Structures are given as C-alpha cells and as structure tokens.
Amino acid sequence: IVNGCPQQSTTSQEDEVLSPSSAASEWSTIDYDLDGKSAITEWRVIRKVKSLHGKDGQLTLVELRPKTGRYHQLRRHMAWVCNSPLVGDTTYDEATDSAMRLRGRGLFLCSNKIELEHPY
C-alpha cells in the first residue's frame, strides 16, 4: 500500500524511466538506476481508496514485480520515481504530514508469492 496515488506519467532521470500505461490495471515499468546499477520494477494499481490520512486524501494498493534485486528497490522506486512512498516507510517517506500520521504500524509491504526463474 502506498501513500497517495502513484504517478503514471513519464518522468525522467536522464532518459525516460516510466513507461506509462493506458489503463490503471495495466502494467507500468520503472527503469531507474539505483547506486549506479540498473534497477527495473514493473507495477500496477490494484485499488484506490479514500483516506483522511493519505497524501491527497488517498491510499493505493499496488502490485509490484521487481525485475532486478537492488537494495530497497521497491521502496525507493515508489518513493523517488512515483512520488508515493510505502505506508509506514520511515526511511523514504520524507516525513510529510500524511506520512507521519501513517507511521507506527509497521511497513505495509508484503509478498504473497515468490517466483524464481533459473537462468539455465
């Protein structure tokens, strides 16, 4: 769950880093280097809900698929590229008023499935 609604418009680091989707249920891709290394995350919006404590009055359930495995990749991509940090993320939420109201119940990040593709 992220604080606010992730931006699906194209943003740039040096080049294009987001591939915008035409519909909210379609996948978008973030290709944004972290610590000088390639980092790729696919994501899509599952559901948006109104919240008195969320950024711009909204919290969003997103599905994330990391294609690379960089340190805090999902947390940093959502906070830095999509401008919607994970709920409860005390490291990357920039301590905004809405983020401070949502702290204290832990990081709202979980996995319900893990798939690994063997390279050989």
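Residues numbered from 1 in each chain as written. Predicted model: local features only at pLDDT ≥ 70, side-chain atom pairs only at ≥ 80, totals over all residues. Heavy atoms only, no water.

**Student:** Teacher, can you tell me more about the pairing of strand β4 (residues 40–50) here?
**Tutor:** For a regular strand, side chains alternate in direction, first toward one face of the sheet and then toward the other. In terms of strand pairing, strand β3 (residues 28–31) meets β4 through four bridges, oriented antiparallel. Bridge pairing links Ser 28 to Trp 43 in β4. Note that β4 and strand β5 (residues 58–66) share nine bridges and pair antiparallel. Considered in β5, the bridge of Val 49 is made with Leu 59. (Pairing = 2+ DSSP bridges. Helix = DSSP H or I, 4+ residues; strand = E, 2+ residues; numbered from the N terminus.)

**Student:** Explain the pattern of salt bridges here, please?
**Tutor:** In a structure, side chains of opposite charge can pair up when their charged atoms sit close to one another. Tallied over the entire structure, the rule returns six salt bridges. The shortest N-O distance in the salt bridge between Glu 42 and Lys 67 comes to 3.7 Å. With a gap of 25 residues between them, Glu 42 in strand β4 and Lys 67 in the loop between β5 and α1 (73–81) connect regions that are remote in the sequence. Using a relative accessible area of 22% as the deciding quantity, one classes Glu 42 as partly exposed. On the basis of relative accessible area, Lys 67 is assigned to the partly exposed category, the value being 48%. Glu 115 is the salt-bridge partner of Lys 113, the closest N and O atoms lying 3.0 Å from each other. A residue is classified by how much of its surface remains accessible, and Lys 113, at 59% relative accessible area, is exposed. (Salt bridge = Lys/Arg side-chain N within 4 Å of Asp/Glu carboxyl O. Buried < 20%, exposed > 50% of the residue type's maximum accessible area, 1.4 Å probe, protein only.)

**Student:** It is not clear to me how the packing of aromatic side chains should be interpreted in this structure. Could you clarify?
**Tutor:** Aromatic rings considered in pairs are described by the distance between their centres and by the relative angle of their planes. Across all of its chains, the model carries one aromatic pair by this definition. Consider the rings of Trp 80 and Tyr 92, whose centres lie 5.6 Å apart with planes at 85°: the pair is edge-to-face. Taken as a pair, Trp 80 in helix α1 and Tyr 92 in the loop between α1 and α2 (97–102) lie far apart in primary sequence, 12 residues in all. Here Tyr 92 falls in the buried class, since its relative accessible area comes to 12%. (Phe/Tyr/Trp six-rings, centres within 6.5 Å; stacked < 30°, edge-to-face > 60°.)

**Student:** What's the story with the side chain of Arg 76 in this structure? I'm lost.
**Tutor:** Relative to the assigned elements, Arg 76 resides in helix α1. For Arg 76, a relative accessible area of 6% translates into the label buried. A polar contact is formed between the side chain of Arg 76 and the side chain of Asp 35, at a distance of 3.1 Å. Apart from residues no more than four positions distant in its own chain, Arg 76 is found in contact with Leu 34, Asp 35, Tyr 71, Val 81 and Tyr 92. (Polar contact = N/O pair within 3.5 Å; in protein donor to acceptor, adjacent residues only side chain to side chain. Contact = heavy atoms within 4.5 Å.)

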